[in-house]
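Geometric and topological summary
What follows is the residue order along each chain.
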Protein chains: 2
Amino acid sequence: MKAEIISTGTELLLGQITDTNSPYLAAELPLLGIDLYWITHVGDNQPRIVEALKRAWERSDIIITTGGLGPTEGDITREAIAELMGEPLKIDREILEGLRSMFSKRGVEMPQRNIKQAHIIPSARAIPNAVGTAPGWWVEHEGKIILALPGPPWEMQRMWLNEIKPRLEPKLSGEVIISRIIKTAGIPEAKLDEMVSPLLSSTNPTLALYAKMDGIQLRLTAKARKRAKAEELIAQAESRLKAILGQAIWGFDEDALEVLTGNMLRERKLSLATMESCTGGLLASTITDVPGSSDYFKGGLVAYSARAKAAFGVDAKLLAQKGTVDPEVAAAMAKAARLRLEADIGIGVTGVAGPAEIEGKPVGTVYIAIDGGDSKKSSFSALYPPRRPLVKRQAVVSALFKLRQLLLSW
Amino acid sequence: MKAEIISTGTELLLGQITDTNSPYLAAELPLLGIDLYWITHVGDNQPRIVEALKRAWERSDIIITTGGLGPTEGDITREAIAELMGEPLKIDREILEGLRSMFSKRGVEMPQRNIKQAHIIPSARAIPNAVGTAPGWWVEHEGKIILALPGPPWEMQRMWLNEIKPRLEPKLSGEVIISRIIKTAGIPEAKLDEMVSPLLSSTNPTLALYAKMDGIQLRLTAKARKRAKAEELIAQAESRLKAILGQAIWGFDEDALEVLTGNMLRERKLSLATMESCTGGLLASTITDVPGSSDYFKGGLVAYSARAKAAFGVDAKLLAQKGTVDPEVAAAMAKAARLRLEADIGIGVTGVAGPAEIEGKPVGTVYIAIDGGDSKKSSFSALYPPRRPLVKRQAVVSALFKLRQLLLSW
């Protein structure tokens, strides 16, 4: 079944609010085996809403509208659907009584303008709204379904889960769509695209690549009449990708690097400390975004000057020789963090976040060192796109990747 | 002029990411007097993208696409526009060289796949991408304009501001809409609403209130045929608001607390150091998000355990008596940071980020202390909503507000 979402609201087209209803519904529909092909944002303008509805009616089986069910003059979704269907709007006594009692429960009289919300057309059924005044509409005609849902997310989601989804499920072919995200690191997008190209032509499951801050994601999406079959299709493709990519795969679905490395540290009963220059505390902050990180994170040092680095135990002579942006200095920072904070592993990060170059090193230059004592050391250098926030984020992600690598062989 | 946005990307239609590009552009277009009537989300499917482009071509003057300019097989915006225009895609030597040099600067060879990004059609002009490999497209034909922008928000926004907007402005006529954001702190929303109520009824400029993480924002929006007139309307309303709110106003438009406090420190030739517990480095990272922050920021200490706090100079006896989440400990942290890092001002932050309470203190408890030596001290405690990321963000914002207050009277 093909679905289409029409989100109404002039505020969406002025950038005053971000539409969170469409992403919510977009994530729900595949679970019912419904394909979403189009999302359209249109203002509170009846001709344009009707235009969007007509097009959706031609090309989709299920049309979901959000917004425009309120009591104000700007709320015209009911009018637009009535125009599309060529049916008259009439007051429904039952809905009206429901509204009246809702207001009287709140101890207020129902304002005249709310009568608008009690109007309905013959081929529509009112959908109760447990948390708001606007009833939804369920329109069924010529095998097509129009679902008119309220705009406020908590009303829309509640109506979707409690009223719409249960009524919709029995009508569906029962096809299920399952997605699996495979997170990779260390292979450039274009190269990765070449490596997995044999699977890119597959139509079930489909494979798509997305460049994310924490590496390239591969998304497998399988469709089948039975969940078990879809899961099997995913599993087969996943094992092929594992064979191709091996350790370049670091996580799946919701996995986050800071959680992953945190768990690895906990399992190995290892503790961590950091000394940061260009990332300015973002590494420590990312590590401590994880609940329970105090189990393994001893603390961090933000050494934003040569003097601070020396104060934290980096050899002043080395700093005088090499400057502050240097691989040996990164190594010394990692070691000093480990010793100063009595941790098993220290991470040192120094570089040029920008906007100006430092010591002749271009913006985006980053040196990362990890010191686990003895032979357990690793280092890494990179030149990131010269945008300050990006350099910081990328350096943090790289540091966590390097940590993961070291821990894999610990 | 009528504009239309087409955001491409199957991940949008699976609810895996939320489209932030459309809201950004939707907020930008009115400033140029451009009316946005349609936003369409369509997957990485060439026939559907072409269908969306054809419709947009019929009903809009400016078509802005986002996404689909990457090097992978799924990136087909170039192909779709070429099909719409009925023009062939050819490699552009100049773009190709630009890509090659970008890769060689990063010390890697350009993958074959990226050649895709060097293709262009006769009626398109390549728009430089300062922070990514994907050049944008500026297509002009029969008085219509197609702008193809990259999907990653930081690339899209930079291209819009530096390349597109300046080229677009001279082509436009008609009404200009200008907005001015006035940022306040310290006055609750309802009270603020009362204070500015005389202006709330105004229709040009309009005034709206928004509650944000860094305080309540007032948004003035004026409309006029001439930019100068709109600016005049804003200026008049702004001076009235300044008269009403005085020092409760801390910034305008893009002003950020970390930039503001940074400038105040620089002007006063003062230096800063931090010791953080519950914020885990986020305060230092926020301070160092500001270019040039090394002028005044000496460094930070992330003391994620009592032991680390003591190692950084907090009196061990005090910690034994009071525990780690305590106002006196916050004050001791601020002082220790100031002394350890030889700064004029130290900030100490300790609290309970969650998910579990600490020492019987509920999640969301935060103690902040600022120590400028002698009598220049201030402290603050709060109980924030018990969500870990929120507690961290709120604590950082509060710390910077407290710093601003102290500096105002320095």
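Residue numbers run consecutively from 1 along every chain, following the written order of its sequence. Both sets of labels track the order of writing: A upward for chains, 1 upward for ligands. Residue-level local features of this predicted model are given only where pLDDT is at least 70; pairs of side-chain atoms are given and counted only at 80 or more, and the full residue set underlies all totals for whole chains, interfaces and linings. As a rule here, side-chain values cover all heavy atoms of the structure and leave hydrogens and water aside.

With omega at 5°, the peptide bond leading from Asn204(A) into Pro205(A) counts as cis. Here a helix means four or more residues in a row that DSSP labels H or I, a strand means two or more in a row labelled E, and each is numbered from the N terminus. Here Pro205(A) shows up in the loop between helix H8 (197–200) and strand S10 (206–212). At the junction of Gly354(A) and Pro355(A), the peptide bond is cis and its omega measures out at 5° in the coordinates. Along the chain, Pro355(A) falls in the loop between strand S15 (345–351) and strand S16 (365–371). The phi dihedral of Glu342(A) is positive, around 50°, even though this residue is not glycine. In this fold, Glu342(A) is placed in the loop between helix H14 (327–340) and S15. Each residue is placed in one exposure class: buried if its accessible area under a 1.4 Å probe, protein chains only, is under 20% of its type's maximum, exposed if it is over 50%, and partly exposed if it falls in between. By relative accessible area, which is 43% here, Glu342(A) ends up partly exposed. Look at Glu359(B): it is not a glycine, yet its phi comes out positive at around 50°. Take Glu359(B): it is sitting in the loop between strand S15 (345–351) and strand S16 (365–371).

A few words now on the pairing of strand S11 (residues 215–224) of chain A. Residues and elements named next belong to chain A. Most of S11 sits out of view: 9 of its 10 residues are buried. With 7 bridges joining them, S10 and S11 adopt antiparallel strand pairing. Among the inter-strand pairings, Ala-208 is bridged to a residue of S11, identified as Arg-219. Between the antiparallel neighbours S10 and S11 lie 2 residues. Pairing between strands is defined by DSSP: at least two bridges between the two strands are required.

This part is about the sheet that holds strand S7 (residues 136–141) of chain A. Taken together, the 12 strands give an open sheet; going across it, the order is S6(A)-S7(A)-S8(A)-S3(A)-S1(A)-S2(A)-S2(B)-S1(B)-S3(B)-S8(B)-S7(B)-S6(B), and neighbouring strands pair in mixed fashion. At either margin of the open sheet sits one strand with a lone partner, and together these are strand S6 (124–127) of chain A together with strand S6 (124–127) of chain B. Mean inter-strand twist for the sheet, computed between neighbouring axes without regard to direction, equals 15°. Of the strand pairs in this sheet, strand S7 (residues 136–141) of chain B and strand S8 (residues 144–149) of chain B are connected by 5 bridges, and their pairing is antiparallel. The partner of Val139(B) across the bridge, within S8(B), is Ile146(B). To define axes, lines are fitted to C-alpha atoms, for helices over the stretch in contact only, and angles between the resulting N-to-C directions are given on a 0 to 180 degree scale.

Attention shifts here to the environment of Leu207(B). All names here are of chain B. On the secondary structure map, Leu-207 appears in strand S10 (residues 206–212). For Leu-207, a relative accessible area of 8% translates into the label buried. C-alpha of Leu-207 to C-alpha of Leu-220: the two residues are 13 residues apart in sequence and 4.7 Å apart in space. Contacts are assigned to residue pairs that have any heavy atoms within 4.5 Å of one another. In contact with Leu-207, other than residues within four places in its own chain, are Val-196, Leu-199, Leu-200, Leu-218, Arg-219, Leu-220 and Leu-241.

This paragraph deals with empty space enclosed by the protein. To find leftover empty space, a probe the size of one water molecule is rolled over the atoms. Here a cavity means grid points, on a 1 Å grid over the protein atoms only, where a 1.4 Å probe fits yet cannot get out; a pocket means an open set of points with protein on both sides within 12 Å along at least five of seven lines; lining residues are those with an atom within 4 Å of a point. Grid points are joined across faces, edges and corners, and a volume is the space filled by probe spheres set on the points. Using the criterion set out here, one finds 5 cavities of 30 Å³ or more in the structure. As a volume, the largest cavity reaches approximately 130 Å³. What lines the largest cavity is a set of 16 residues, and nearest its centre among them are Thr18(A), Asp19(A), His41(A), Asp19(B) and His41(B). Those elements that place two or more of their residues in the lining of the largest cavity are helix H2 (21–28) and strand S2 (35–42) of chain A together with helix H2 (21–28) and strand S2 (35–42) of chain B. Three categories are distinguished: nonpolar for Ala, Val, Leu, Ile, Met, Phe, Trp, Tyr, Cys and Pro, charged for Asp, Glu, Lys and Arg, and polar for the others, with Gly belonging to the last. Residue composition of the lining of the largest cavity, by class: 8 nonpolar, 6 polar and 2 charged.

A word on the pairing of strand S1 (residues 2–8) of chain B. Residues and elements named next belong to chain B. Most of S1 is tucked away: 6 of the 7 residues are buried. In this structure, S1 lies alongside S2, joined through 7 bridges in parallel fashion. Its bridge partner being in S2, Glu-4 is matched across the sheet by Trp-38. As paired strands, S1 and strand S3 (residues 62–66) are joined by 5 bridges and run parallel to one another. Looking at the pairing, Ala-3 lines up with Ile-62 of S3.

All right, on to the packing of H2(B) against helix H6 (residues 153–168) of chain B then. Residues and elements named next belong to chain B. For the pair H2 and H6, the least separation of the axes is 10 Å and the interaxial angle reads 25°. Classified by the angle between their axes, H2 and H6 sit roughly parallel to one another. The two elements H2 and H6 cross, and the hand of that crossing is right-handed. Within the contact between the two elements, H2 uses Asn-21, Tyr-24, Leu-25 and Glu-28 and H6 uses Pro-153, Met-156, Gln-157, Trp-160, Leu-161 and Lys-165. Residue classes in the contact of H2 with H6 are distributed as 6 nonpolar, 2 polar and 2 charged. Comment on the angle field: the value is read as roughly parallel under 35 degrees, roughly antiparallel over 145, roughly perpendicular from 65 to 115, and oblique elsewhere. By the definition used in this description, the sense in which the near helix is turned from the far one sets the handedness, with an anticlockwise turn below a right angle giving left-handed and a clockwise turn giving right-handed.

This part is about the domain arrangement of chain A. Segment limits for the domains were obtained from an automatic or database-derived domain assignment. For chain A, the assigned domains read domain 1 (2–171), domain 2 (176–252) and domain 3 (257–408). Its C-alpha centre places domain 1 of chain A at a distance of 52 Å from the equivalent point of domain 3 of chain A.

Attention shifts here to the sheet that holds strand S13 (residues 272–276) of chain B. Spatially, the 10 strands line up as an open sheet ordered S17(A)-S16(A)-S15(A)-S13(A)-S14(A)-S14(B)-S13(B)-S15(B)-S16(B)-S17(B), and their pairing is mixed. Edge positions in the sheet fall to strand S17 (377–383) of chain A together with strand S17 (377–383) of chain B, since each has one partner strand and no second. Within this sheet the neighbouring strands show an average axis-to-axis angle of 10°, counted without direction. As defined by bridge partners, strand S13 (residues 272–276) of chain A adjoins S15(A) across 5 bridges and the pair is classed as parallel. Residue pairing in the sheet places Ala273(A) in a bridge with Gly346(A) of S15(A).

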